[in-house]
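Residue-level structure breakdown
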Amino acid sequence: MKRLARTTATTTAFAALTALASLAALMPGLASAQNGYPTKPIRVIVPFAAGSTTDIIARAIADKMSQSMGQTLVIDNRGGASGTIGQQAVATAAPDGYTVMIHSSSHTVSPSTFAKLPFDTVGDFAGVTPISSLPNALVISPTKNIKTLPQLLAAARAKPGSMNFASAGQGSATHLNAEKFKMAAKIDATNIPFKGSGEAVTEVLSGRVDYYFSPIAPVIGQIKEGQLLALAVGSPKRAAALPDVPTTTEAGVPGSEFNFWIGMMAPAKTPRDVVNRLHDEVAKALATPEVKERFLKLGADAWTLKPEQFDAYIKEEIASNAQLVKAAGLQVQQ
């Protein structure tokens, strides 16, 4: 009888250990979190080309987070298709905390500008935190001989449909900013989409494209050197990096404000303790003097929310952008 009891107890214990092992195998993210996450490099997918504003902000944060977390954060640029290529890579990645995404507010635009996406913009991602909000500057080449926003509007209205503008991809945040401005200003201009800000800026510098609502980061140098002229900023308030440049509202186009942000997300089933750790590490990096100084030069404002708050914000912005896309009559990509 005692032998039977011992055998039963041994069998029960073995079964319990087997179940725990199976659970651990099914939940690699949880196991890594409990065993000193991170234990290996973290891949940070940026859905835009190197040199874009999102890329610049991602690298600024990744450098400090690497130092704090004791593991390298490796930037992986996956540009193209208005950011959706990079988004899909993250949506299908293992939810173990070793793949995250640093994306822009374009993340909340794509559900309205693509007829079908290979991922669920809400259901396949877990918000970690916004990182920064950045005003977009309406920049133009000095060779266009347009020095103020009213002059740009006058030129556009003199020859309706003759003017064009650059964007970092069809349906990107830079595209939506320009469309909102175009509707508020009651002008007709054509979107010329590119893979990222780098290409867009190059075309505006050359004069082949008329203007671009660019995040300040990739154009601040050219503005200060006189290679580009900033006519206005699209944000609700003036940019600290360009204090003498008026907002589009101040320059005569009310209702044209647009909030451009960059934030971190992870695959949806990433364990909450890992998501919270990443949130805390971003906040810690933003508080360092080095990142504060770098953001000031980029014209970026640090901005954080708790993960659950960021998830709620994303849902709200998807809804508001859907209304904007419909009002602008933007073509949905198949």
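Residues numbered from 1 in each chain as written. Predicted model: local features only at pLDDT ≥ 70, side-chain atom pairs only at ≥ 80, totals over all residues. Heavy atoms only, no water.

1. Thoughts on the nonpolar core
For clarity, the cut-off: Among the buried residues, those of types Ala, Val, Leu, Ile, Met, Phe, Trp, Tyr and Cys that are joined through side-chain atoms within 4.5 Å form a nonpolar core. Burial status follows relative accessibility: with a 1.4 Å probe on protein chains alone, a residue under 20% of its type maximum counts as buried, one over 50% as exposed, and anything between as partly exposed. Starting at the N terminus, helices and strands are each numbered in turn, a helix being any DSSP run of H or I of at least four residues and a strand any DSSP run of E of at least two. Note on definitions: a residue-residue contact is assigned when non-hydrogen atoms from the two residues lie within 4.5 Å.
If you look at the biggest cluster of nonpolar residues, it comprises 42 residues, and the most contacted ones within it are I57, I61, M65, I131, M264, L278 and F295. The element that contributes the greatest number of residues to this core is helix α3 (residues 53–69), accounting for eight residues. Sequence-distant contacts of I57, defined by excluding residues within four places in its chain, comprise I131, S132, L134, I262, F295, L298 and A300. Formed by 21 residues, the second largest nonpolar core is a distinct cluster that contains A137, A166, A200 and A230.

2. Observations regarding the sheet that holds strand β9 (residues 229–233)
Rules: Any two strands with at least two DSSP-identified bridges between them are counted as paired. Orientation is described by axes fitted as lines to C-alpha atoms, over the contacting stretch for helices, and by angles from 0 to 180 degrees between their N-to-C directions.
Judged by pairing direction, the sheet is mixed, and its five strands sit side by side in the order β7-β6-β8-β5-β9 without closing on themselves. Where the open sheet ends on each side, the last strands, each with one partner, are β7 (189–193) and β9. Averaged over all adjacent pairs, the angle separating strand axes in this sheet is 30 degrees, with direction ignored. Bridge analysis of strand β6 (residues 163–167) against strand β8 (residues 211–215) gives two bridges, and the strand direction is parallel. Following the sheet pairing, F165 is matched in β8 by Y211. The strands touched by helix α7 (residues 173–185) are β5 (136–140), β6, β7 and β8; relative to β8, the strand with the most contacts, the crossing angle is about 125 degrees.

3. Describing the pattern of salt bridges
Rules: Basic side-chain nitrogens of Lys or Arg form a salt bridge, by our definition, when they fall within 4 Å of a carboxyl oxygen of Asp or Glu.
Summed over all chains, the structure comprises twelve salt bridges. Notably, a salt bridge pairs D76 with R78, separated by 3.2 Å at the nearest N-O pair. Here D76 falls in the buried class, since its relative accessible area comes to 17%. A salt bridge links E281 to R277; its shortest N-O distance comes to 3.0 Å. In this pair, E281 and R277 both sit in helix α10 (residues 272–286), four residues apart, roughly one turn of the helix. For E281, a relative accessible area of 4% puts it in the buried group.

4. Points about helix α11 (residues 289–298)
Inclusion rule: This arc is taken over the directions from the axis of the helix to the C-beta atoms.
Of the positions making up α11, those classed as buried are V291, F295 and L298. Mapping the buried residues of α11 onto a view down its axis gives an arc of 60 degrees, with all of them on the same face. Along α11, exposed side chains directed more than 90 degrees from the buried face belong to P289, K292, L296 and K297. Summarising the contacts, the buried residues of α11 are in contact with α3, β4 (125–133), α10 and β11 (301–302).

5. Things to note about the sheet that holds β4
Spatially, β2-β1-β3-β10-β4-β11 is the arrangement adopted by the six strands of the open sheet, whose pairing is mixed. Since the sheet does not close on itself, it has two edges, and those belong to β2 (73–77) and β11, each with one partner. For strand β1 (residues 42–46) and strand β3 (residues 99–104), the ladder comprises three bridges, and the chain directions are parallel. Across the sheet, the residue bridging to R43 is T99, located in β3. Running over the sheet, helix α4 (residues 84–91) touches β1, β3, β4 and β10 (261–267) and is turned about 150 degrees from β3. Docked against the sheet, α10 engages β3, β4, β10 and β11, running at close to 5 degrees with respect to β4.

6. Digging into the layout of surface pockets
For clarity, the cut-off: Whether a set of points on the 1 Å grid over the protein atoms alone is a cavity depends on a 1.4 Å probe fitting there but being unable to get out, while an open set qualifies as a pocket with protein on both sides within 12 Å along at least five of seven lines; lining residues are those with an atom within 4 Å of a point. Grid points are joined across faces, edges and corners, and a volume is the space filled by probe spheres set on the points. Gly falls in the polar group here, along with every residue not listed as nonpolar (Ala, Val, Leu, Ile, Met, Phe, Trp, Tyr, Cys, Pro) or charged (Asp, Glu, Lys, Arg).
Of the pockets and cavities examined, the largest pocket occupies roughly 170 Å³. Taken together, K180, E257, F258, N259, Y313, E317, S320, N321 and L324 make up the lining of the largest pocket. Looking at which element gives the most residues to the lining of the largest pocket, the answer is helix α12 (residues 307–328), with five residues. Per-class residue counts for the lining of the largest pocket are three nonpolar, three polar and three charged.

7. A look at the environment of S141
Among the secondary structure elements, S141 is positioned in the loop between β5 and α6 (149–158). Assessed through its relative accessible area of 1%, S141 is described here as buried. For S141 and I223, which are 82 residues apart along the polypeptide, the C-alpha to C-alpha distance reads 9.7 Å. S141 has contacts with V204, L205, D210, Q227 and L228, leaving out every residue within four places of it along the chain.

8. Here's the deal with the confidence of the model for the chain
Keep in mind that low pLDDT regions are not for reading the predicted coordinates in detail. Here is the rule we go by: The pLDDT score gives, residue by residue, the confidence of the prediction method on a 0 to 100 scale.
Averaged over every residue, the pLDDT of the chain is 89; the share at 70 or more is 89%. Between residues 1–32, whose pLDDT stays under 50, and residues either more than four places distant or in other chains, the model counts eight contacts.

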